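Overview (structure and organization)
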Amino acid sequence: MGSYIGSGVKYIKIARYDAFGNDNYQSLRQLDNIRINTVDKGIIDYPVVAITEYPSSSLNGPYFLYQIVTTNITSSTNNQILNYKLIVTQSSPPQYTTAADSGLLLIGSYDSPVVDQQNYFNITTGLYTLGNTPNIPISFTASYRIFSTTGVVNPTLAAVINGGSSVFSISNAISSLTLTNFNSAPQTMTISGSFTPIEGQTFGIYFGDLITGTPQTITPTFVHFSITQSTTPVPGIGAQTILEPYITTPFINSDYDVLMNNAVINRPNSFYLDVDFADSQILPINQQAILSSSASPAVIQDSYYSSDWWASSRYNGQQLSNEKYNVWSKGDFTPDKVSNVQNLKTYFVRFNWLAGTSPEWGNNFEGKTNVSIKYIIDENGNEIPPIFDENDINLSIIQSAFGGYYNPTLNSYKNSPINPTANATLLLSNPDSFGVNLDAVNYTIPIFRAGQRIRPIAYTQTASYDGNGNVIEFGYTGSINFIQGDTPNDPGGSANDYRLLAFANDGLNLFTSQSIGNSGNVTGSIKWNPPIQLGASASFVTSSGLVNPSTGSIYNPTGSLAQLSGSGYILDVKASIDIDFDLTSNSRNNDNIQIYFKIIKNNEIKRQEVWGKSFKSRGENQKGPNNVTLSYTDNAATTSSLYRVEYSIYGWTTDDAIDGAINFAPTSYFQVTQYPAPNTGPVTRFWMTGSNSNLLFAKKGDGANIFGLNDVWGQKQQNINNSGFDPIVYDFEPQAGDEIRFQGVEQQTYTITQVSQSVTQSGAGNYNALTLTLNRQISNDINTDYFLIRRYIPDPGNIILDISKPAGQTSDGILIPEFLGKKANETKEKIISLLRAQS
């Protein structure tokens, strides 16, 4: 027997007759397990998957080949690896004289000596036939030197597996090489390769040629063929092999006969009668016999319908219900006081401390409680740092264990599909460790947000302090400052304003109700719809001068670009295109469309993104919108720089008609920002309400030195000293899902449901204002200048509890989800004991 050591044993071959001449046919054909007692690994079990019997006519037959369950436990001492080395050389090969000669290359006499360790090479046929093999890869090399005097010769050299015929067939070749134009001097062809053979396969080197012109003689001068192997030969040293079952007596009625004592005739039922529907599916042919109780008894056991353990699972059914995971609750319908529904893979967290959320959420009178997670702990006690990972696994663990999923129907994060109640138990290791009793938070608490942290985006709110540094009240300022992202303002105040912000029309049609076939590819520039609100010096122009802004497509910074640094101005060009895609396909399946979007400077592509859509079935209606964003930073901007966004549509693969339209939605925009940032000065104008009381418009400045929020889109607000807010890290680009709060009161908090910059507000000066659509109407008496915009940011290291934290520092501790598996609960108790001992 043999094996491929590197991958574990896959096949075991056992001869039908043993070394003493005994015929083990009956035993070998019934094996379900083979055990081999090896020197280095001990007894290894090999369960049998399939048995193949090879008759006496087969090579090395008769024998049985057993496919076994592969195991990684493989002996390296008891497995025999044969030596398959072969070296064959011909100095005078046969000549080829016709226009289509082909066949086995190695036929005839050979140079001495021929090295053939296993005697598998047939010197008459030129074929190498694999005998006993453990299926290890073997490598081959063949070379052929050839000479031709005239004409064009295209000989082919091929290594062919199972190539017993003399007819050359390239379809069977596993490696081939073709050289052309052999003339005037000998040339050598060489091929090599590797494959894993199985027993009985043949292998040969074939020659084929295509000769054009006058038939001629092709004279080979040297042929060499060799075979080596991937694994060094290893002699077998013998092993005790135990075959299960192994019997010397007849198999039938032995202890290994699984059918022994099976009932041959079914037991008749004592009260149920047989119903015979041989001629009808409605009325049995023995209906009268059934009514008179003279029908034959049904051949089924009495307990089949009467035994509860049998009948309930098949006929009666069983209703089970659970209110909670992992625990039994009063009212549950279960076989016993155990949970029907188990969530065994559960986690809890160990935290560093607790902190309040004010002023980001709440004020001096109310707030939430941040839990700073130190470790996520699994059921085995493994500690996982709560860091961001590539696939957001840690974040999903926190959200799954502690809830905190957004429910759009309830506009709430308190309901989770995995944990509907989203509660957790808080256990401080020492509630009095800092002299403040925190027993008030040491109990089961609702989760407000899991795996999230609150960050300010923009605010005017300030804080007032007493003599001890305590916040006693909140106020607001009428002036805030902005900078370009993380870059400082131009200290000299001389930077011109080259910023630009332009929006698409109300649906920019590329084509409507057109038949788009193979010739339907379209290329063009995206046209934008100013007024442009960012940058007094920015204009839409073409090479021929200023054009109508409503049809403009090219941005060119005008004026003088002062060389304030070695690289001058740095412009950041960004385009965000929302594709409103609404086409009906009459094409065949799997037609697709691709749109290439490009930022182009002076006819040179600087950035490119591709967007695609596939039709999966005839008549399918595909809709958008779908967003594509492109960004490009230019360190060499000049007044000769022309920037535009171009689209190219490709991809209809059939001639069938495609009807519909592709639009760029009004939410698309083209934006240019700059470094150094322009000297915009402080922002003193903030918000105004619209005709609909759930709309909020960002105000625009009234002059060169008066700026409003609508002028600073994409910039970052500078932090207000001593305000109490966390540092601002995000640019002023409000998003749907952000919240805006007025006057520092949570009851005046509104959720932003939509952000637009294409709504014209006449009361604000007839310009396209940044517009926030809110989830409810704003009260008339609200002071909109006293505001905070905040955002919930994913963070696997934080959980927000729905409770106001009392003043004072806290100890560390653990936070436990409501549903905890048994093993995780045992781990939790050990950690609690450890924390309390340390405190």
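Predicted, not measured: the structure shown is a model, and the values here were computed from it.

Secondary structure summary: the chain contains six helices and 49 strands in total. For the chain, the share of sequence-separated contacts (at least 6 apart) that also reach a separation of at least 24 residues comes to 71%. Put simply, the chain shows about 41,400 Å² of open surface, and 48% of that area lies on carbon and sulfur atoms.

Bridge count between strand S18 (residues 348-356) and strand S19 (residues 369-377): eight bridges; the pairing is antiparallel. Residue Val 349 lies in a different strand from S19, and its bridge partner there is Ile 376. Pairing analysis gives three bridges linking S18 to strand S49 (residues 813-817), with the strands arranged antiparallel. The partner of Val 349 across the bridge, within S49, is Leu 815.

A surface patch of nonpolar side chains, amounting to about 420 Å² of accessible area, comprises Phe 271, Tyr 272, Tyr 305 and Tyr 315. Mapped onto the elements of the fold, Tyr 272 is located in the loop between strand S17 (240-244) and helix H2 (287-291). Take Tyr 272: its relative accessible area is 35%, and that puts it in the partly exposed class.

This part covers the sheet that holds strand S13 (residues 187-195). Ordered in space as S7-S5-S16-S9-S13, the five strands form an open sheet in which the pairing is antiparallel. Only two strands of the sheet have a single partner each, and these edge strands are strand S7 (115-116) and S13. Note: strand S5 (residues 86-90) against S7, two bridges, orientation antiparallel. Across the sheet, residue Leu 86 finds its bridge partner in S7, namely Asp 116.

Okay, the environment of Asn 710 next. Inspection of the secondary structure puts Asn 710 in the loop between strand S43 (707-708) and strand S44 (716-717). Assessed through its relative accessible area of 5%, Asn 710 is described here as buried. Each C-alpha atom, one on Asn 710 and one on Phe 686, is 8.2 Å from the other, the two residues being 24 residues apart in sequence. One polar contact links the side chain of Asn 710 to the main-chain amide nitrogen of Leu 770, over a distance of 2.6 Å.

Let us now look at the packing of aromatic side chains. Evaluation of the coordinates by the stated rule reveals 17 aromatic pairs. Between Tyr 555 and Tyr 643, the ring centres sit 6.0 Å apart and the planes meet at 35°, which makes this aromatic pair tilted. Remark: Tyr 643 occurs in strand S37 (residues 643-650) and Tyr 555 occurs in strand S31 (residues 555-557); sequence separation between them is 88 residues. Judged by relative accessible area, Tyr 555 falls into the buried class, the value being 0%. The ring of Tyr 792 has Arg 449 sitting right over it, with the charged end atom 3.3 Å from the ring centre. When the ring centre of Tyr 750 is taken as origin, the NZ or CZ atom of Arg 776, which lies over that ring, is 4.1 Å away.

The next thing to look at is the confidence of the model for the chain. A residue-level look at the chain finds 68% of positions with pLDDT of 70 or above and a mean pLDDT of 74. When pLDDT is averaged over each helix and strand of the chain, the minimum, 50, is found for strand S30 (residues 545-546) and the maximum, 94, for strand S45 (residues 739-742). Below a pLDDT of 50 lies the segment residues 487-493, which in the model reaches 12 contacts outside its immediate sequence neighbourhood of four places, other chains included.

So, on to the pattern of salt bridges. Where charged atoms of side chains with opposite charge meet at close range, the side chains can pair. As enumerated under the stated definition, the model contains 16 salt bridges in all. Note that Arg 16 is salt-bridged to Asp 23, the shortest N-O span being 2.9 Å. Residue Arg 790 pairs with Glu 746 through a salt bridge whose shortest N-O separation is 2.9 Å. Note that Arg 790 is positioned in strand S48 (residues 787-801) and Glu 746 in the loop between S45 and strand S46 (749-761), a separation of 44 residues in sequence.

Let us look at the nonpolar core. In this structure, Val 683, Trp 687, Leu 709, Phe 732, Ile 740 and Phe 787 are the most contacted members of the largest nonpolar core, which totals 33 residues. Of all the secondary structure elements, the ones that give two or more residues to this core are strand S22 (444-459), strand S26 (500-503), strand S42 (695-698), S45, S46, strand S47 (767-774) and S48. Among all residues touching Val 683, those that are not within four sequence positions of it are Gly 478, Ser 479, Ile 480, Phe 482, Phe 707, Gly 708, Leu 709 and Val 712. Residues Leu 106, Ile 146, Met 189 and Ile 218 belong to the second largest nonpolar core, which totals 31 residues.

With that settled, consider helix H5 (residues 393-402). Since the α-helix packs 3.6 residues into each turn, any two residues three or four apart lie on the same face. Burial analysis of H5 places seven of its 10 residues in the buried class, the great majority of the element. Along H5, the positions that sit buried rather than exposed are Asn 394, Leu 395, Ile 397, Ile 398, Gln 399, Ala 401 and Phe 402. Looking one or two residues beyond H5, the residue adopting positive phi is Gly 403, at roughly 75°.

Right, let's talk about unusual backbone geometry for a bit. With an omega dihedral of 10°, the bond running from Ser 358 to Pro 359 counts as a cis peptide bond. As for its position among the elements, Pro 359 is in the loop between S18 and S19. At Asn 602, a residue that is not glycine, the phi angle is positive and equals roughly 50°. Tracing the chain through its elements places Asn 602 in the loop between strand S33 (592-601) and strand S34 (604-614). Judged by its relative accessible area of 39%, Asn 602 falls in the partly exposed class.

Of the two faces of S45, the one holding Glu 739 and Arg 741 and the one holding Ile 740 and Phe 742 are both buried throughout. In terms of strand pairing, S45 meets S48 through four bridges, oriented antiparallel. Bridge pairing in S48 links Glu 739 to Arg 790.

Parameters and conventions
Throughout this document, residue positions are counted from 1 along each chain, in the order its sequence is written. Thresholds applied to this predicted model are a pLDDT of at least 70 for local features of residues and 80 or more for the giving and counting of side-chain atom pairs; totals over whole chains, interfaces and linings are not thresholded and use all residues. Side-chain descriptors were evaluated using all non-hydrogen atoms of the structure, hydrogens and water having been removed beforehand. Only DSSP runs of H or I covering at least 4 residues are called helices, and only runs of E covering at least 2 are called strands; the numbering of each starts at the N terminus. In what follows, a contact means two residues having at least one pair of non-hydrogen atoms within 4.5 Å. Only the protein chains shown count as covering a residue, and every accessible area follows the Shrake-Rupley method with a 1.4 Å probe. Being paired, for any two strands, means DSSP has found at least two bridges between them. Put simply, a patch holds well-exposed residues, over 30% relative accessible area, that have no salt bridge, with like charges counted together within 9 Å and Val, Leu, Ile, Met, Phe, Trp or Tyr side chains within 5 Å. Any carboxyl oxygen of Asp or Glu that lies within 4 Å of a side-chain nitrogen of Lys or Arg is treated as forming a salt bridge with it. Relative accessibility under 20% of the residue-type maximum defines a buried residue, over 50% an exposed one, and the middle range a partly exposed one, all with a 1.4 Å probe and only protein chains included. Whenever two N or O atoms come within 3.5 Å, that pair is a polar contact, provided that in protein one can donate a hydrogen and the other can accept it, and provided that, for residues adjacent in sequence, both atoms are side-chain atoms. Pairing of aromatic side chains requires ring centres within 6.5 Å, counting the rings of Phe and Tyr and the six-membered ring of Trp. Pairs whose planes differ by under 30 degrees are stacked, by over 60 edge-to-face, and all others tilted. Counted as over-ring charges are cases with an Arg CZ or a Lys NZ within 6 Å of the ring centre that also lie within 35 degrees of the ring normal. Every residue carries a pLDDT, the predictor's confidence in it, which falls somewhere between 0 and 100. Working definition of a nonpolar core: buried Ala, Val, Leu, Ile, Met, Phe, Trp, Tyr and Cys residues. They are joined through side-chain atoms within 4.5 Å.

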